[in-house]
Amino acid sequence: MADTALLESTRKKHEKQPALEKSGLLRGLIRTARPKQWVKNILVVAAPAAAGELFSRHALTQIALVFVLFTACAAGVYLVNDARDADADRAHPVKRHRPVAAGQVPVPVAYSVGIALAVVAPTVAAFLCSPLTSALLTAYLGMQFAYCISLKHVLVIDLVVVTTGFLMRAMIGGLALGIPLSRWFLITTGFGALFMVSAKRYSEAVQMAGKAGATRALLTEYTTGYLRFVWQLAASVAVLGYCLWALEEGGVPHTSVLPWRQLSMVAFILAVLRYAVFADRGTAGEPEDVVLRDRALALIGVVWLAMYGLAVANW
């Protein structure tokens, strides 16, 4: 009887093993896709919101679809990147815990799933969204794969590529809905993204100063003075672009209760100045982390959103 029970227990254990391996592989794939980073893709609502065309049923459906497709593209890039850098990551004190480097996700599987997502997302966009949406996703993928292979090692170009990725997120919602993108929208969004990207790099450089093994090899090529110059320049241009938009009536008669468009400049400038506090301290890591941990900045952001919404609605 004891031998029978032992054999039965062993059989059940072996039956459970494949299921556990599949579950571990799935968790590893999801971790490699960086769910925490998906919040960045909320930027797809930027252009429709700026144009006041966000709340129709068609717009909401398209934006939800674009969010999913952009997330799939970004996940594909992360999978391919981690598969390519697996050997280097194993020698890194932190990155060695990534699922691919740790062996939880085999390198061939990471490549296969990443490439599959990169092929499927633009294809679905071509049929369910628009050719321009598919083209932008394809351009994003091409740029990001080039970044993974070589561009992340090129001075200044690495900043441009990451910034352009944010700008593409902000543009794609407008392209999916056929909304014209104004020059002020592109200038403010582009330089606002450069501000946050360069502030993050500056923070990394400050935190790693005097330490061996920076998180990014290219950080040793930048000086903190140069990165400070970049984020200060980007912040200045973003503020200027936004103020020019706010002060330009564009031939539209003023019928709102208050000049929300002009008043929103105050909240926008305060938000930039508040964010710059963390950039100057060298603690401006991920933008979402900065906003979530600082209540004052979050409150300013809510006030700005309210004013901006009232300006777009002309209330």
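Residues numbered from 1 in each chain as written. Predicted model: local features only at pLDDT ≥ 70, side-chain atom pairs only at ≥ 80, totals over all residues. Heavy atoms only, no water.

Engineer: What exactly am I supposed to notice about unusual backbone geometry here?
Structural biologist: Leave glycine aside and you will find that most residues have negative phi; peptide bonds, for their part, are mostly trans. A positive phi angle, close to 55°, is found at Arg34, a residue other than glycine. Along the chain, the position of Arg34 falls in the loop between α1 (2-32) and α2 (46-51). In this structure Arg34 comes out as buried when scored by relative accessible area, which is 17%. Residue Val156 is not a glycine yet carries a positive backbone phi of 70°. Turning to its location among the elements, Val156 is positioned in the loop between α7 (131-149) and α8 (157-177). (Helix = DSSP H or I, 4+ residues; strand = E, 2+ residues; numbered from the N terminus. Buried < 20%, exposed > 50% of the residue type's maximum accessible area, 1.4 Å probe, protein only.)

Engineer: Which parts of the structure should I look at to understand the environment of Thr189?
Structural biologist: Take Thr189: it is sitting in helix α9 (residues 183-208). In sequence terms Thr189 and Leu43 are 146 residues apart; their C-alpha atoms lie 9.9 Å from each other. Filtering out sequence-adjacent residues up to four positions away, Thr189 remains in contact with Leu167 and Ala170. (Contact = heavy atoms within 4.5 Å.)

Engineer: Is there a simple way to think about the packing of aromatic side chains in this case?
Structural biologist: Aromatic rings considered in pairs are described by the distance between their centres and by the relative angle of their planes. If you walk through the whole model with that rule in mind, you get 12 aromatic pairs. Look at Tyr226 and Phe229: their rings are 6.4 Å apart centre to centre, the planes differ by 45°, and that puts the pair in the tilted class. Residue Tyr226 and its partner Phe229 are both found in helix α10 (residues 224-247); the two are separated by 3 residues, about one turn of the helix. For Phe229, a relative accessible area of 47% translates into the label partly exposed. (Phe/Tyr/Trp six-rings, centres within 6.5 Å; stacked < 30°, edge-to-face > 60°.)

Engineer: Could you clarify how one ought to interpret the pattern of salt bridges in this entry?
Structural biologist: One pass over the full model with this rule turns up 10 salt bridges. A salt bridge links Lys36 to Asp289; the nearest nitrogen and oxygen atoms lie 3.6 Å apart. Residue Lys36 is located in the loop between α1 and α2, and its partner Asp289 is located in helix α12 (residues 287-293); the two are separated by 253 residues in the primary sequence. Here Arg228 and Asp280 are joined by a salt bridge, their closest N and O atoms 2.6 Å apart. Of this pair, Arg228 sits in helix α10 while Asp280 sits in helix α11 (residues 260-281), placing them 52 residues apart in sequence. Given the relative accessible area of 26%, Arg228 is considered partly exposed. Note on Asp280: relative accessible area 42%, which makes it partly exposed. (Salt bridge = Lys/Arg side-chain N within 4 Å of Asp/Glu carboxyl O.)

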